[in-house]
Amino acid sequence: MSPTTNTNAKYQAKAYSAASATSPLARTTIPRRNPSDHDVQIDILFCGICHSDLHTVRNEWESAMPAVYPCVPGHEIVGRVTRVGPAVTKFKTGDIAAVGCLVDSDRTCPECQAGFEQFCPHGVLTYNSPDQHLGGVTYGGYSDSIVVDERFVLRVPPNLDLAGAAPLLCAGITTYSPLRHWGVTKGKKVGVVGLGGLGHMAVKLAHAFGAHVVVFTTSPGKKDDALRLGADEIILSRDSNEMSKHAGSFDFILDAVSASHDINAYISLLRRDGNITMVGAPEKPLPVEVFNLIFNRRSFSGSPIGGIPETQEMLDFCGAHNITADVEVIPIQKVNEAYDLLLKSDVKYRFSIDMASLKSE
């Protein structure tokens, strides 16, 4: 990690933060460090709202990742470079740049050396992680600006809509990484469980990889949208007859559902050596029938985000295929209403905050 800098070398940025687990997000100011040699300062244009923002703000992951208040969430950041340190080589003033879920790591462990910073035991998250520079914790993208070491700043393809590109920094890489890892290519049969913020990105990406894409949903009304996003088939998961027709036929299934559900019904749909990967995170453990795995040598796994090299690869892939998230753009003043709608799954398919609304306050 970069050495600790002078805590006096900082400026005040506008932001929205939560003062407690029960407080609404409200206007505040936060300290940001002035750029040091390898730092990039970014004027934030759009920041996506991820469900993990809501979990963290409300301290729902207290047992694993207790929230520290005030909490400024946001890790789907797209903006314009306004300043760079003298040693920065990858970016210049005026560039469009992005920041995802990580802003630092130890850079020396085997995971970092392999480009898997997401598995670094000392990784620094974009918000609610110890801040090595100013003390306290890191503050995220619900802010007018951010300063990040250039190694953790990403290039945004110029053809992408910026509001729709912001969620790629979490929803995009969270689905892209397991699709790539498990070898999804043309000719593979791929299932996507759940058509929400993560699921809709998985459909777009798997379709672009050339796979035959099947969406599993409990909502018949989502059929037309699934087809529009790139699905070839839609299966109503509550229809056991429809499910059984596809037994043993899937190469890969990506499960993006965070509610409790019968995982064994999907494991049974995998062919020999097929895999199902969780990117949704149910609160309670999912019972798994082990014989369901043993027969046909199936596997059940999970996946987080990707490392910095893979995240850049994902952005470049999305640029080549003109892929962005489907977003509803909101002013930051409506962020608490957006959280309420997110709890009801009443969004197609991600909220993206227009930070011009914050700058105008």
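Please read these numbers as outputs of a predicted model, since none were measured by experiment.

What counts and what doesn't
Residues numbered from 1 in each chain as written. Predicted model: local features only at pLDDT ≥ 70, side-chain atom pairs only at ≥ 80, totals over all residues. Heavy atoms only, no water. Helix = DSSP H or I, 4+ residues; strand = E, 2+ residues; numbered from the N terminus. Buried < 20%, exposed > 50% of the residue type's maximum accessible area, 1.4 Å probe, protein only. Polar contact = N/O pair within 3.5 Å; in protein donor to acceptor, adjacent residues only side chain to side chain. Contact = heavy atoms within 4.5 Å. Phe/Tyr/Trp six-rings, centres within 6.5 Å; stacked < 30°, edge-to-face > 60°. Lys NZ or Arg CZ within 6 Å of the ring centre and 35° of its normal. pLDDT = per-residue confidence, 0-100. Expected span 1.5 Å × (residues − 1). Patch = residues over 30% accessible without salt bridge, like charges linked within 9 Å, V, L, I, M, F, W, Y side chains within 5 Å. Areas by Shrake-Rupley, 256 points an atom, 1.4 Å probe, with all protein chains shown as cover. Salt bridge = Lys/Arg side-chain N within 4 Å of Asp/Glu carboxyl O. Core = buried A, V, L, I, M, F, W, Y, C linked by side-chain atoms within 4.5 Å. Axes fitted to C-alpha atoms, helices over the stretch in contact; angles between N-to-C directions. Parallel < 35°, antiparallel > 145°, perpendicular 65-115°, else oblique. Nonpolar A, V, L, I, M, F, W, Y, C, P; charged D, E, K, R; others polar.

Looking at where T175 falls in the secondary structure, it is placed in helix α4 (residues 171–181). By relative accessible area, which is 0% here, T175 ends up buried. At a separation of 3.1 Å, a polar atom in the side chain of T175 contacts the main-chain carbonyl oxygen of G172. Among all residues touching T175, those that are not within four sequence positions of it are L198, M201, A202, L205 and L254.

This part is about the packing of aromatic side chains. Scanning the entire structure with this criterion turns up seven aromatic pairs. Each ring, one from F116 and one from F119, has its centre 6.4 Å from the other, and the planes form 65 degrees; the classification is edge-to-face. A cation over an aromatic ring shows up here: K189 above the ring of F250, its NZ or CZ 4.5 Å from the ring centre.

A few words now on the confidence of the model for the chain. Detail in the predicted coordinates should be disregarded across regions flagged by low pLDDT. With 98% of its residues at a pLDDT of 70 or more, the chain shows a mean pLDDT of 95. Between residues 2–7, whose pLDDT stays under 50, and residues either more than four places distant or in other chains, the model counts twelve contacts.

In this section: helix α10 (residues 308–321). Between its first and last C-alpha, α10 extends 20 Å over 14 residues, near the 20 Å set by a 1.5 Å rise per residue. Contacts from the buried residues of α10 go to β9 (154–155), α4 and α5 (197–208). A positive phi of about 55 degrees marks N322, the residue just after α10.

Another point: unusual backbone geometry. Apart from glycine, the bulk of residues carry a negative phi angle, and the bulk of peptide bonds sit in the trans form. A cis geometry characterises the amide bond from Y69 onward to P70, with omega recorded as 0 degrees. Residue placement: P70 occurs in the loop between α1 (51–57) and β4 (77–84). Of note, the amide linkage connecting K348 to Y349 takes the cis form, showing an omega dihedral of -15 degrees. Here Y349 lies in the loop between α11 (335–343) and β17 (350–354). For N322, which is not glycine, the phi torsion reads 55 degrees and is therefore positive. Tracing the backbone shows N322 in the loop between α10 and β16 (327–331). Residue classification places N322 among the exposed residues on the basis of a relative accessible area of 53%.

On the surface, a cluster of nonpolar side chains totalling about 460 Å² of accessible area is made up of V290, F291, I294 and F295. Structurally, I294 can be placed in helix α9 (residues 290–294).

With that out of the way, let us pick up the nonpolar core. Of all hydrophobic cores here, the largest spans 96 residues; its most connected members are I49 and Y142. In terms of residues, this core owes the most to one element, strand β3 (residues 39–49), which gives seven residues. Discounting residues that sit within four places of it in the chain, I49 has contacts with E76, Y142, I330, V335, A338, Y339, L342, R350, F351 and I353. Ranked by size, the runner-up nonpolar core spans 17 residues in total, among them F250, V257, I263 and L270.

Moving on: the packing of α4 against α10. Where α4 contacts α10, the axes come no closer than 10 Å and their chain directions differ by 100 degrees. Relative to α10, α4 is oriented roughly perpendicular. The segment α4 lies against α10, with G172, I173, Y176, S177 and R180 engaging E310, T311, E313, M314 and F317. Partitioned by chemical class, the residues of the contact of α4 with α10 number four nonpolar, three polar and three charged.

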